[in-house]
Amino acid sequence: MSSKPISVLITGANRGLGLEMVKQMVETQGPLSVLFACCRDPDGPRAEGLRALAKKHPDIIKIIRLDAADPNSIKQAAQQVASVVGKSGLNIIINNGAMACLSTVLESTPEEMNKCFSTNTVGPLVIIQEFISLLRAAAKNSGTPGMSFRKAAVINITAILGSITVAKETFTKSLPHRVSKAALNMMLVCASVELQKDDIFCMLLHPGWVRTDMGGPQGEIDVHESVEGMLKLMNSLTEKQNGALLNWKGETVPW
Ligand SMILES: NC(=O)c1ccc[n+]([C@@H]2O[C@H](COP(=O)([O-])OP(=O)(O)OC[C@H]3O[C@@H](n4cnc5c(N)ncnc54)[C@H](OP(=O)(O)O)[C@@H]3O)[C@@H](O)[C@H]2O)c1
């Protein structure tokens, strides 16, 4: 691991995979200069675990309010992050926060579709737009050529349920989630092309079927295994994987 401290931002960091990412990032992925752990309600009961973790690492973890469905809150979060990192910029964004709605083609309401789309697709898009100057600054300051995870990167947590190729085999009641993740995949691939000239690396990761509130108790793996695999993979990424869609084991997921 490189010894240059890096700055990281994770959304949906208060529970599930996001909270475990914060934990493993601070405990095993050093050195970090700062980790912005973003959540919708930093003072509420759902962020209790995150607050306890931040208390253990007060010099590294900064809890910031960010609601992916609210462009204003993304703008404010970007201003807060800029005031901390200054000219050094922000090295890594992990867009993890997302929502699911359990409904089928015939059941899904326009409200459910719009909510999932604004949270899971538009949110990550606005995050790239609002944080682009910080990512560019980090890429410039790295002093190394080409793209890499620790230089400047946007990692989007997606879902195999967004894969059109395997949609028939993975059919389940979560149409709004599936459609929004398929659209997220397209957005991120376009970002990987558009941001290449700035040396900003972009890729998509499927965390596996994980035992969280979203994945449910039947999930195949726990958060520890999923996050451990994803972090190991992130650290091994090379330019070749810019725009790739991989799972937590590093296997290619069909589009
Ligand atoms: N678990 C699985 O099997 C599985 C499989 C494939 C993909 N994924 C993906 O993995 C990621 C994490 O899921 P998880 O399993 O950890 O789910 P989870 O335990 O339900 O956690 C979801 C997280 O997203 C946050 N979130 C929801 N709406 C948000 C918004 N508008 N803005 C910001 N954050 C928001 C939640 O915050 P609140 O506490 O405020 O609600 C929570 O922190 C998601 O992108 C999900 O699609 C999970």
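About the criteria used
- Residues numbered from 1 in each chain as written.
- Predicted model: local features only at pLDDT ≥ 70, side-chain atom pairs only at ≥ 80, totals over all residues.
- Heavy atoms only, no water.
- Pairing = 2+ DSSP bridges.
- Helix = DSSP H or I, 4+ residues; strand = E, 2+ residues; numbered from the N terminus.
- Axes fitted to C-alpha atoms, helices over the stretch in contact; angles between N-to-C directions.
- Contact = heavy atoms within 4.5 Å.
- Salt bridge = Lys/Arg side-chain N within 4 Å of Asp/Glu carboxyl O.
- Buried < 20%, exposed > 50% of the residue type's maximum accessible area, 1.4 Å probe, protein only.
- Right-handed = clockwise from strand over helix to strand, strands pointing away.

- As annotated in an unreviewed UniProt entry, the protein chain is C-factor-like from Mugilogobius chulae.

## So, the sheet that holds strand E2 (residues 32-39)
Sheets are built from strands that pair by backbone hydrogen bonding, the pairs being arranged parallel or antiparallel.
Then, number 1: In space, the seven strands of this open sheet follow the order E3-E2-E1-E4-E5-E6-E7, with parallel pairing throughout. Edge positions in the sheet fall to strand E3 (61-65) and strand E7 (245-247), since each of these pairs with one other strand and no more. For this sheet, the mean inter-axis angle between neighbouring strands, taken without regard to orientation, is 20 degrees.
Then, number 2: Relative to strand E6 (residues 201-206), strand E5 (residues 153-157) is paired through five bridges, and the arrangement is parallel. Counterpart to Ile157 in the pairing with E6 is Leu205.
Then, number 3: Packed onto the sheet, helix H5 (residues 175-194) meets E5, E6 and E7 and runs at close to 155 degrees relative to E6.

## As for the pattern of salt bridges
Then, number 1: Counted under the stated rule, the structure contains eight salt bridges.
Then, number 2: In this structure, the salt-bridge partner of Arg65 is Asp70, at a minimum N-O distance of 3.7 Å.
Then, number 3: Looking at Arg65, the relative accessible area reads 38%, which means it is partly exposed.
Then, number 4: Linking Asp198 and Arg136 is a salt bridge whose minimum nitrogen-to-oxygen distance equals 3.1 Å. Of this pair, Asp198 sits in the loop between H5 and E6 while Arg136 sits in helix H4 (residues 110-142); the two residues are 62 residues apart in sequence, bridging distant segments of the chain.
Then, number 5: Accessibility expressed as a relative area gives 19% for Asp198, which makes it buried.
Then, number 6: Arg136 gets classed as partly exposed once you look at its relative accessible area, which sits at 38%.
Then, number 7: Three or more residues joined by partner-sharing salt bridges are found here, namely Arg136, Lys197 and Asp198.

## Side note on the environment of Met234
Then, number 1: Of note, Met234 is situated in helix H6 (residues 223-236).
Then, number 2: Look at Met234 and you get buried, because its relative accessible area is 1%.
Then, number 3: Separated by 29 residues in the primary sequence, Met234 and Leu205 place their C-alpha atoms 9.2 Å from one another.
Then, number 4: Setting aside residues no more than four positions away along its own chain, Met234 makes contact with Ile94, Phe149, Ile155 and Leu205.

## Notes on the pairing of E6
Then, number 1: Within E6, six of the six residues are buried, which leaves it mostly tucked inside the rest of the structure.
Then, number 2: Judged by which residues are buried, E6 turns out to be covered on both faces: Phe201, Met203 and Leu205 on one side and Cys202, Leu204 and His206 on the other are all buried.
Then, number 3: As for the winding sense of the linkage, the β-α-β connection from E5 through H5 to E6 is right-handed.
Then, number 4: Taken together, the three bridges between E6 and E7 define a ladder with parallel strand orientation. Each bridged residue has a counterpart across the sheet, and for Leu205 the counterpart in E7 is Leu246.

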